Amino acid sequence: MTDSFSRADHVFMARALLLAKKGRYTTDPNPRVGCVLVRDGAVVGEGWHRRAGEPHAERLALAEAGELAHGATAYVTLEPCCHYGRTPPCTLGLIEAGVSRVVAAMRDPNPRVSGEGLAQLREAGIEVVAGLLETDAAGLNPGFIKRMRGQGPYVRLKLGMSLDGRTAMANGESQWITGDAARRDVQRLRAASSAILTGIGTVIADDPSLNVRLKGSDLGLPEGLDLRQPLRVVMDSSARMSAAARMLGIPGQTLVYVGPQADGQALLEAGALVHPLQRDASGGLAWDALMQDLAGREVNEVLIEAGATLAGSALAAGVVDELIVYTAPHLMGDQARGLVHLPGIERLADRVPLRLEDMRAFGDDLRLSYRLIS
Ligand code: AOF
Ligand code: ZN
């Protein structure tokens, strides 16, 4: 991008990014978007998108500014929409209010908008610039962007291990190995995800709930803005999951992917969604088809919480975008079980390369975030 931006532009866009972030847990399947309206150097209106079906960030900021929006600059973290979706176009709102300049952090990857929103504003005589703090804006919505580009949901693989990379004793004995603060962080990660995915092995061994147990107030949500429960997804090629599984008896929806010949009737009767998938060459359910199906259900961000086998299979299939590893301060020794099952790796050249993106302490545990390098 060749547009140049002032110091004030940066300050107000940074504020819009902070506002957008407030929607982290609630806008799904819509993107998180923030907007700040500034006239004569002063903020006259602010808004952030709360949830799909409700007003967009620009509309809320315009409502707050009223007459003061006339001649103002609008800082938006995403290109203003120009289509009639669940709500009317933001471009119209900005034009009608007499805004004179629009600064957008990035284009909307939604093909119904992409570039068209900015063009409409320009045609109306508004000065339009784009690309300010674009990387930060894109970081708010990795799943929305990837899905809108037709590349499926954004996938995070979460793992917990001892310092020496072990997850359970050789006899299978295991427990949550990380502490309270790390567990709460996983709850936040779940709350920000569209779907939590696991394998039938984990369901049989642990009977997990895979739900969010925090309250809206724990996450700083304003009164009246309820938490969503992410979609729970189980890969169960032989439909072995019990109709009495815990996750089928709690609020929220469970989707079970089964093999082409499996009988999912009992699961359907227990309230689950059941979807058959083809198998891939190794006999497991086809990851590509699974991700495509999830994208069709408007799933933006998937969190995989699974054992070493499924985690390894997801890594080998190349569907993982980000690895999040919680490291607990103890050693389990080399008899204990490893973190991921990756049978094909025999030479150093076959290693799965990662790039460290972030590290942070939660109590005595470390959270390491990596991007997969493709
Ligand atoms: C904006 N500002 O705050 C948001 C935008 O169904 P709707 O009407 O909510 O439209 C959803 C689409 O609008 C979504 O896919 C994305 O392209 C855009 N989201 N745009 O100008 C916002 N949330
Ligand atoms: Zn809009």
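The rules we used
Residues numbered from 1 in each chain as written. Chains lettered and ligands numbered in written order. Predicted model: local features only at pLDDT ≥ 70, side-chain atom pairs only at ≥ 80, totals over all residues. Heavy atoms only, no water. Near = heavy atom within 4 Å. Polar contact = N/O pair within 3.5 Å; in protein donor to acceptor, adjacent residues only side chain to side chain. Areas by Shrake-Rupley, 256 points an atom, 1.4 Å probe, with all protein chains shown as cover. Nonpolar A, V, L, I, M, F, W, Y, C, P; charged D, E, K, R; others polar. Pairing = 2+ DSSP bridges. Helix = DSSP H or I, 4+ residues; strand = E, 2+ residues; numbered from the N terminus. Axes fitted to C-alpha atoms, helices over the stretch in contact; angles between N-to-C directions. Contact = heavy atoms within 4.5 Å. Domains from an automatic or database assignment. Buried area = accessible area lost by both parts, 1.4 Å probe. Buried < 20%, exposed > 50% of the residue type's maximum accessible area, 1.4 Å probe, protein only. Parallel < 35°, antiparallel > 145°, perpendicular 65-115°, else oblique. Left-handed = near helix turned anticlockwise from the far one by under 90°.

**A closer look at the site of ligand 1**
For step 1, the next point in the chain: The environment of ligand 1 is formed by 18 residues, the closest being His56, Glu58, Arg86, Thr87 and Asp108.
For step 2, the next point in the chain: One of the side-chain N or O atoms of Asn30 is found 3.0 Å from an oxygen atom in ligand 1.
For step 3, the next point in the chain: Between Glu58 and ligand 1, the recorded distance is 2.6 Å, taken from a side-chain N or O atom to an oxygen atom.
For step 4, the next point in the chain: With the chains in place, 96% of the 510 Å² that ligand 1 exposes on its own is no longer accessible.
For step 5, the next point in the chain: Its residues placed into classes, the shell around ligand 1 shows seven nonpolar, seven polar and four charged.

**Remarks on the sheet that holds strand β8 (residues 195-199)**
In a beta sheet, neighbouring strands are held together by backbone hydrogen bonds and run either parallel or antiparallel to one another.
For step 1, the next point in the chain: Reading across from one edge, β11-β10-β9-β8-β12-β6-β13-β16-β15 is the order of the nine strands in this open sheet, with mixed pairing throughout. Taken across any chain shown, the strands that pair with only one partner, and hence form the sheet edges, are β11 (273-276) and β15 (354-362). Pairwise comparison of adjacent strand axes, ignoring direction, gives a mean angle of 20° for this sheet.
For step 2, the next point in the chain: Of the strands in this sheet, β6 (154-162), β8, β9 (231-235), β10 (254-258), β11 and β12 (301-305) are in contact with helix α10 (residues 287-296), which crosses β10 at around 150°.

**Observations concerning the domain arrangement of the protein chain**
For step 1, the next point in the chain: What the domain assignment reports for the protein chain is domain 1 (2-140) and domain 2 (144-372).
For step 2, the next point in the chain: A C-alpha centroid distance of 34 Å is found between domain 1 and domain 2.
For step 3, the next point in the chain: Counting residues at the interface gives 18 residues for domain 1 and 21 residues for domain 2.
For step 4, the next point in the chain: Summed over both partners, the interface of domain 1 with domain 2 buries about 1700 Å², with 60% contributed by carbon and sulfur atoms.
For step 5, the next point in the chain: Our count for the contact surface shared by domain 1 and domain 2 stands at seven residue pairs in polar contact (both at pLDDT 80 or more).
For step 6, the next point in the chain: A class-by-class count of the residues in the side of domain 1 that touches domain 2 yields nine nonpolar, three polar and six charged.

**Focus: the environment of Ala138**
For step 1, the next point in the chain: Of note, Ala138 is situated in helix α5 (residues 134-140).
For step 2, the next point in the chain: Its relative accessible area of 26% is what places Ala138 among the partly exposed residues.
For step 3, the next point in the chain: Distance from Ala138 to Ala262, taken between C-alpha atoms, is 40 Å for residues 124 residues apart in sequence.

**Here we look at the packing of helix α2 (residues 57-65) against helix α3 (residues 90-97)**
For step 1, the next point in the chain: Following both chains from N to C, one finds α2 and α3 inclined at 25°, their axes separated by 9 Å at the closest point. The pairing of α2 with α3 is recorded here as roughly parallel in orientation. Relative to α3, the crossing made by α2 is left-handed. On α3, the residues touching Glu58, Arg59 and Leu62 of α2 are Cys90, Leu92, Gly93, Leu94 and Ala97.
For step 2, the next point in the chain: Across the contact of α2 with α3, the residue classes tally to five nonpolar, one polar and two charged.

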